[in-house]
Amino acid sequence: QVQLVESGGGLVQAGGSLRLSCAASGRTFIRYAMGWFRQAPGKEREFVSAINWIGGSTDYADSVKGRFTISRDTARNTLYLQMNSLKPEDTAVYYCAASRSPRPGAVPEHYDSWGQGTQVTVSS
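Cut-off values and rules
- Residues numbered from 1 in each chain as written.
- Predicted model: local features only at pLDDT ≥ 70, side-chain atom pairs only at ≥ 80, totals over all residues.
- Heavy atoms only, no water.
- Phe/Tyr/Trp six-rings, centres within 6.5 Å; stacked < 30°, edge-to-face > 60°.
- Helix = DSSP H or I, 4+ residues; strand = E, 2+ residues; numbered from the N terminus.
- Buried < 20%, exposed > 50% of the residue type's maximum accessible area, 1.4 Å probe, protein only.
- Lys NZ or Arg CZ within 6 Å of the ring centre and 35° of its normal.
- Disulfide = S-S within 2.5 Å.
- Pairing = 2+ DSSP bridges.
- Salt bridge = Lys/Arg side-chain N within 4 Å of Asp/Glu carboxyl O.
- Axes fitted to C-alpha atoms, helices over the stretch in contact; angles between N-to-C directions.

Chemist: What exactly am I supposed to notice about the packing of aromatic side chains here?
Modeler: How two aromatic rings sit relative to each other is given by the distance of their centres and the angle of their planes. Applying the stated criterion across every chain yields a total of four aromatic pairs. Between the aromatic rings of Phe37 and Phe47, the centroid separation amounts to 5.7 Å while the plane-to-plane angle is 75°, which identifies the pairing as edge-to-face. Of this pair, Phe37 sits in strand 4 (residues 33-39) while Phe47 sits in strand 5 (residues 46-52), and the two are 10 residues apart along the sequence. Taken individually, Phe37 and Phe47 each receive the classification buried, so the pair is uniform in this respect. Within the aromatic cluster, the residues linked to one another by ring pairs are Phe37, Phe47, Tyr111 and Trp114. Geometry around Trp114 places Arg45 over its ring, the cationic atom sitting 5.0 Å from the centre.

And the structure:
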């Protein structure tokens, strides 16, 4: 199956920035959208953002709107999440995911492939 590998996580102070990447490799498949989710200790997995691969339309959780920007490089099969003005509440493991649905939104069951996650820690 397709492999999704996240990178770019780390430790940053509140107000700082990070850019996450998700590289897709392996067997080719039809992909209409990709997204980011996050999970903090003791919490449920939470939707962050999604993008339609062809048209580029985007969705954001209210908690990150105006601070995070999702984008993709179609030539490199790579998904990005630019995170600015980071808050301690953003601390979580961040996962990228791919979907065959054009607008899967915040529903994890609409995504077909998942990465292993990358840790983001924001100190106050």
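Once you've had a look at it, read on.
Chemist: Help me out: how do you make sense of unusual backbone geometry in this one?
Modeler: It is generally the case that most residues other than glycine have a negative phi and that most peptide bonds are trans. The residue Asn77 is not glycine, and still its phi comes out positive at about 50°. Residue placement: Asn77 occurs in the loop between strand 7 (68-73) and strand 8 (78-83). Taking the relative accessible area as the measure of exposure, Asn77 reaches 31% and is therefore partly exposed.

Chemist: Mind showing me how you'd approach the state of the cysteines here?
Modeler: Covalently bonding the sulfur atom of one cysteine to the sulfur atom of another cysteine gives a disulfide. Under the defined criterion, the tally for this structure stands at one disulfide. Each sulfur in the disulfide pair Cys22 and Cys96 lies 2.0 Å from the other. Since a negative S-S torsion denotes a left-handed disulfide, the Cys22-Cys96 link at about 50° is right-handed. Note that Cys22 is positioned in strand 3 (residues 18-25) and Cys96 in strand 9 (residues 92-99), a separation of 74 residues in sequence. Grouping residues by exposure puts Cys22 and Cys96 together as buried.

Chemist: What should I look at first to understand the pairing of strand 7 in this one?
Modeler: Both faces of the sheet carry side chains from a regular strand, because those side chains alternate between them. Pairing of strand 7 with strand 8 involves six bridges; the strand directions are antiparallel. Directly across from Ile70, in strand 8, lies its bridge partner Leu81. Hairpin geometry of strand 7 and strand 8 is characterised by an intervening segment of four residues between the two adjacent antiparallel strands and by a positive phi of about 50° at Asn77.

Chemist: Quick question: what am I supposed to make of the pattern of salt bridges here?
Modeler: If the charged atoms of two oppositely charged side chains come close together, the side chains can form a pair. This model, assessed by the stated rule, comprises seven salt bridges. The salt bridge involving Glu46 is made with Arg38; its shortest N-O contact spans 3.0 Å. Accessibility expressed as a relative area gives 33% for Glu46, which makes it partly exposed. For Arg67, the salt bridge is made with Asp90, and the minimal N-O distance between the two is 2.8 Å. Here Arg67, found in the loop between strand 6 (58-60) and strand 7, pairs with Asp90, found in the loop between strand 8 and strand 9; they are 23 residues apart in sequence, far enough to count as distant. There is no split in this pair, since Arg67 and Asp90 are both buried.

Chemist: Would you mind going over the sheet that holds strand 1 (residues 3-7) with me for this structure?
Modeler: One key point about sheets: their strands pair by backbone hydrogen bonds, in either a parallel or an antiparallel sense. Overall, antiparallel pairing links the four strands, which are arranged 1-3-8-7 in an open sheet. Every other strand in the sheet has two partners, leaving strand 1 and strand 7 as the edge strands with one partner each. For this sheet, the mean angle separating the axes of adjacent strands, direction not counted, is 15°.

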